[in-house]
Amino acid sequence: SSSIMPRKPIVGGNWKCNPATSKEAGALLEGWKKAVNTFDKEKVDVVICPPALWMYDLKDRLGALGMSASAQNVSKTGYGAFTGEWTAESLGDMGISWTLIGHSERRVKYGETDADTAEKVAKCQDLGVNVILCIGEQLEEREAGKTDEVNKRQLAACIPKIKDWNKIVIAYEPVWAIGTGKVATPEQAEETQAAIREYIKSAVSPNVADNVRIQYGGSVTPDNCKDLIAKPNIDGFLVGGASLKPTFMDIVSTVGPSKLQELWPSYQAKMEKEGCNEAAVAAFKYNLGVLAGGLALMIPESRLSSVEGLQEFEKLKIKSDPKLLKKTVILKLNGGLGTGMGLDKAKSLLTVTEGNTFLDLIAKQVDSMKNEYRTPDLRFMLMNSFSTSKDTLAALAKYPELGTGSDLEFVQNKAPKVAASDFTPASHEADKGHEWCPPGHGDLYPAMLGSGTLDRLLEKGFKYMFVSNSDNLGATMDLKILTYFAQSKAPFMMEVATRTDADKKGGHLAK
């Protein structure tokens, strides 16, 4: 009997001995990260085969993108005196659950036989390693009409060794199309892969034939993949040179489009109607894609190490430079999510002591800094939200020396609320304002960029910004720290303190 399960597509990227450096490999993954929300890992498996020396280092980084790392080859032996080999046991120990076997370059350039390939498959079957089994004909074999004969011969050697077909993916690669720019037409590829499935049906069983995944490999590109994947017997691709480019993600998203592509038009229309700027739209689109794609953005512990020590403020031997103050903006974050979670006004409007609100005390702190540093034009700004701007400006009207309008504030972006049930835009007919929320303090850069504040400050010669929350009255700018920061030429610096039992919020330091 035949039990047909929907075959989940699988896209492989075989890097071979590329790129030239591990730094380039890391840069490629950073490029992919920007498009990682365009595919749905529930709809497509993505397996990347980097050079052997980088497999382990890249495993976690690929995992964070919803991809798996794979070896390009494996030994037919186990542990022992086999110089230059690596074993299926070692792959398992490193957490590498995939390998290619039988690639045409191993067969042609290194003399691996059908029997060698079969022994490798047997070893991986014994140890539970997933195999992408490569088969395919040379140009002269195709021209002689021997395509099906070659594929059957290469499969026949391996079939007796396979006990668990769920651990096997077949990659049909017409050798004459690999790296040549020549591509089998969708009809040629479909005809050949249908014949492969028919052979497995007779040689193994209808059930295995219906469920085994068969990839096509041979100069696959973003331009031709759509027509190829539409064919019923093509279940994905094994991609060579095109997997070394940022546009590899176009192939992946064509095979397994993310829910974002379905959701985005309604959000785009909503944000455009509301007048959201391009930076706000781009930032929200990325975040929505991460959510809809179910991506894991946690940094794995294997990539973290402890911080051995930090520069201590008391031990700074540095002469303060007051001239830096004319290039510095003091910014208080006064938006946040609180107004989207029950508060009806900015937290900074709450009274703290002796009738003074947070805002009153901030205004007095700024005045004190102007006097202390003898800088009457010391620049102060607020990042407000659409929920806090009006009340905050009204409360600060009694401190005209702080500034007014765009000199005093910029308003962070607004983001549509998302329905938890299906990720569609949340609706609240009684009050449309409840359909939006501030995106949080992480919106600082997109808000500065989209509002034009960043450009205006740069044009006026500002270079540094001291940032803290409006309810953190202990955070006041120190000229000595500002000078140290400027001299370090670092893009970012954070002032930290040792956690105490009273600190229930905040993170740990790691590198």
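What counts and how
Residues numbered from 1 in each chain as written. Predicted model: local features only at pLDDT ≥ 70, side-chain atom pairs only at ≥ 80, totals over all residues. Heavy atoms only, no water. Helix = DSSP H or I, 4+ residues; strand = E, 2+ residues; numbered from the N terminus. Rg over C-alpha atoms; globule rule 2.2 N^0.38 Å. Buried < 20%, exposed > 50% of the residue type's maximum accessible area, 1.4 Å probe, protein only. Contact = heavy atoms within 4.5 Å. Areas by Shrake-Rupley, 256 points an atom, 1.4 Å probe, with all protein chains shown as cover. Lys, Arg positive; Asp, Glu negative; His and termini not counted. Charge placed at Lys NZ, Arg CZ, Asp CG, Glu CD. Patch = residues over 30% accessible without salt bridge, like charges linked within 9 Å, V, L, I, M, F, W, Y side chains within 5 Å. Salt bridge = Lys/Arg side-chain N within 4 Å of Asp/Glu carboxyl O. Expected span 1.5 Å × (residues − 1). Arc of directions from axis to C-beta. Right-handed = clockwise from strand over helix to strand, strands pointing away. Pairing = 2+ DSSP bridges.

*Asks:* Can you break down the overall build of the protein residue by residue, with the values?
*Replies:* Tallying secondary structure elements over the protein gives 18 helices and 16 strands in all. The C-alpha radius of gyration of the protein comes to 30 Å, more than 25% above the 24 Å expected for a compact globule of 511 residues. Projected onto its principal axes, the C-alpha positions of the protein cover 90 × 60 × 45 Å. The buried share of the protein, reckoned over its 511 residues, is 45%. Excluding contacts between residues fewer than 6 apart, the proportion of contacts in the protein whose partners are at least 24 apart in sequence is 74%. When the accessible surface of the protein is totalled, it reaches about 26,400 Å², and 53% of it is carbon and sulfur. On the protein, the mean spot of the 62 positive side-chain charges and the mean spot of the 64 negative ones are 4 Å from each other.

*Asks:* Summarise a nonpolar patch on the surface; cite the residues concerned and give the values.
*Replies:* Where nonpolar side chains cluster on the molecular surface, the patch consists of V307, L310, F492, M494, V496 and L509 and spans about 570 Å² of accessible area. When you line up the elements, F492 lands in the segment after α18 (479-488). Given a relative accessible area of 61%, F492 falls into the exposed group.

*Asks:* Now, about helix α1 (residues 22-33): what can you tell me, with residues and values included?
*Replies:* Look at α1: 17 Å from first C-alpha to last across 12 residues, which is about the 16 Å you get at 1.5 Å a residue. If you check which residues of α1 are buried, you get A25, G26, L28, L29 and W32. Each buried residue of α1 lies within a common arc of 155° when the element is viewed along its axis, so the set occupies one face. If you follow the buried residues of α1, they end up packed against β2 (45-49), α2 (55-64) and α11 (248-255).

*Asks:* I'd like a rundown of the side chain of Q193, residues and numbers included.
*Replies:* With respect to the helices and strands, Q193 occurs in helix α8 (residues 186-203). Residue classification places Q193 among the buried positions, given a relative accessible area of 0%. Excluding residues that lie within four positions of it along the chain, Q193 makes contacts with Y172, I214, Q215, Y216, N233 and I234.

*Asks:* Run through unusual backbone geometry, naming residues and quoting values.
*Replies:* Residues N18 and P19 are joined by a peptide bond in cis, for which omega reads -10°. Note on placement: P19 falls in the loop between β1 (10-14) and α1. Phi is positive for S219, close to 55°, though the residue is something other than glycine. By the secondary structure assignment, S219 is in the loop between β7 (213-216) and α10 (225-229). Phi at K489 takes a positive value of approximately 60°, unusual for a residue other than glycine. Note that K489 resides in the segment after α18.

*Asks:* Give a description of the pairing of β2 that names residues and reports values.
*Replies:* Along a regular strand, successive side chains alternate from one face of the sheet to the other. Across the five residues that make up β2, a large majority, four, are buried. The parallel pair β1 and β2, bridged by α1, forms a crossover whose chirality is right-handed. Relative to strand β3 (residues 68-71), β2 is paired through two bridges, and the arrangement is parallel. What sits directly across from I48, in β3, is A69. Crossover handedness for the path β2 to α2 to β3: right-handed.

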